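Below, each chain spelled out in residue letters.
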Amino acid sequence: MTRIVVVGSINMDLVTQAPRFPDPGETLLGERFFTVPGGKGANQAVAAARLGAEVALVGALGDDDFGQRLHRALADEGIALDHLLTLRDAASGTASITVAQGENQIIVVPAANACVSPAQVERAQALIARADAVLVQLEIPLETVEATVRLCHRLGVPVILDPAPAQPLPAAWLRLARYVTPNQHELATLLGADPDEDFRVLMQRAPCPVVLTRGSEGAWYREQAAPIHQPGFRVAAVDSTGAGDTFNAALAVFLHEGLPQAVRKACAAAALSVGKLGAQAGMPDRSEVDALLARSID
Ligand code: RIB
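Now for a quick tour of the structure. (Residues numbered from 1 in each chain as written. Predicted model: local features only at pLDDT ≥ 70, side-chain atom pairs only at ≥ 80, totals over all residues. Heavy atoms only, no water.)

### Side note on the sheet that holds strand E11 (residues 211–213)
Okay, so step 1: With antiparallel pairing, 3 strands are arranged side by side in an open sheet as E11-E12-E13. The strands lining the two open edges of the sheet, one partner per strand, are E11 and strand E13 (228–230). Strand-to-strand twist of the sheet, defined as the mean angle between neighbouring strand axes without regard to direction, takes the value 20°.
Okay, so step 2: Relative to E13, strand E12 (residues 219–221) runs antiparallel, the two being bridged by 3 bridges. The residue of E13 that forms the bridge with Trp220 is His229. (Pairing = 2+ DSSP bridges. Helix = DSSP H or I, 4+ residues; strand = E, 2+ residues; numbered from the N terminus. Axes fitted to C-alpha atoms, helices over the stretch in contact; angles between N-to-C directions.)

Structural data, given as structure tokens:
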């Protein structure tokens, strides 16, 4: 079984569905409100587990009601939580998400996620050394992301860095990642480039191998020379929150099949994930990915 370690955030997603986004200073009547488990790290862990991997999560929760619910949800997915800290008198991370007209806007309050430290990652060294791949994102302190990337490089374990939410990162440690998986906006931010610049040119300029996500248009990746396009899969989209996380998880789970096949399966898994409301609700299992691939000519 493929072993995946995720170092990352865990949030309670506070989701409001609305007919449109409000203007600054405006109050709107929404259509629906619900709370569901989310956070980029937790989402990637859940997606990888549903795809059949053995998954462990390195992260932190508060000792509040959200924390208890998030802990239970992760345990129910079969994720190993020995390196998950519950912090006393701390709040769990939250994400206030508005979903309107097929788009979303998100404000994340890291809370306990801000306490995931380089020392916590060091304590997970033995776990990480046994992993087939490690996933890390940017909702935990950057020094912890750096420590993760450096440790994986030292141990020879492939690390996939999802540079979201967008931030500029030092080229010195981007180079240590096996793959960096930005969308177009995140790639421009990473490189301090103009967001309107051709992403294929930016991909060539990046100091690391890039797998670029393009939403419904699929993904682009580079093996040797020019970037290659993997088209997206046609699906009815309800909520794209968590699609990027599903993509990253699938890329890690299927990496041993080679990059082209892993990217194809990641696009299929991400497409399936947008079929339900909530970041984790639509995340598919392996048989759903295989079925979509079998009926699609891409
Ligand atoms: O990537 C989607 C996630 O981003 C949401 O679940 C939310 O928690 C934010 O972290």
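### A closer look at helix H10 (residues 259–273)
For the α-helix, the turn length of 3.6 residues means that residues three or four positions removed from each other point alike.
Okay, so step 1: Across its 15 residues, H10 extends 21 Å between first and last C-alpha, which sits within 8% of the 21 Å expected from 1.5 Å per residue.
Okay, so step 2: Where burial is concerned, most of H10 is hidden: 13 out of the 15 residues are buried. (Expected span 1.5 Å × (residues − 1). Buried < 20%, exposed > 50% of the residue type's maximum accessible area, 1.4 Å probe, protein only.)

### Quick look at the site of the ligand
Okay, so step 1: Near the ligand you find 13 residues, and of these Asp13, Gly39, Lys40, Glu139 and Asp245 are the closest.
Okay, so step 2: Taking Asp13, its side chain carries an N or O atom lying 2.6 Å from an oxygen atom of the ligand.
Okay, so step 3: Take Gly39: an N or O atom from its main chain is 2.9 Å from an oxygen atom of the ligand.
Okay, so step 4: Isolated, the ligand exposes 280 Å² of accessible area, and the fraction of that covered by the protein chains is 96%.
Okay, so step 5: One can see that the ligand is located within the largest pocket.
Okay, so step 6: Of all elements in the fold, only strand E2 (11–17) and helix H1 (40–50) reach the threshold of two or more residues within the shell around the ligand. (Near = heavy atom within 4 Å. Polar contact = N/O pair within 3.5 Å; in protein donor to acceptor, adjacent residues only side chain to side chain. Areas by Shrake-Rupley, 256 points an atom, 1.4 Å probe, with all protein chains shown as cover. 1 Å grid on protein atoms, 1.4 Å probe; cavity = no way out; pocket = protein on both sides within 12 Å on 5 of 7 lines; lining within 4 Å. Sits in = over half its atoms within 2 Å of the grid points.)

### Re the environment of Ala219
Okay, so step 1: Among the structural elements, Ala219 can be located in strand E12.
Okay, so step 2: Through-space distance from the C-alpha of Ala219 to that of Arg286 is 20 Å; in sequence the pair is 67 residues apart.

### Side note on the pattern of salt bridges
Okay, so step 1: Tallied over the entire structure, the rule returns 8 salt bridges.
Okay, so step 2: Across the pair Glu122 and Arg154 runs a salt bridge whose closest N-O atoms are separated by 3.5 Å. Taken as a pair, Glu122 in helix H3 (residues 118–123) and Arg154 in helix H5 (residues 142–155) lie far apart in primary sequence, 32 residues in all.
Okay, so step 3: On the basis of relative accessible area, Arg154 is assigned to the exposed category, the value being 54%.
Okay, so step 4: Taking the shortest distance from any N to any O, the salt bridge between Glu197 and Arg205 comes out at 2.3 Å.
Okay, so step 5: Residue classification places Arg205 among the partly exposed positions, given a relative accessible area of 46%. (Salt bridge = Lys/Arg side-chain N within 4 Å of Asp/Glu carboxyl O.)

### Observations regarding the sheet that holds E2
Okay, so step 1: With mixed pairing, the 4 strands of this open sheet are ordered in space as E3-E2-E6-E7. Two strands bound the open sheet, and with one partner strand each, they are strand E3 (32–38) and strand E7 (103–109). Between one strand axis and the next, the sheet turns by 20° as a mean value, whatever way the strands run.
Okay, so step 2: Here E2 runs beside strand E6 (residues 93–100); their pairing, made up of 7 bridges, is parallel. Each residue of the ladder has a partner; that of Asp13, found in E6, is Ala95.
Okay, so step 3: Against the sheet, helix H2 (residues 65–76) touches E2, E3 and E6, its axis set at about 60° to E3. (Contact = heavy atoms within 4.5 Å.)

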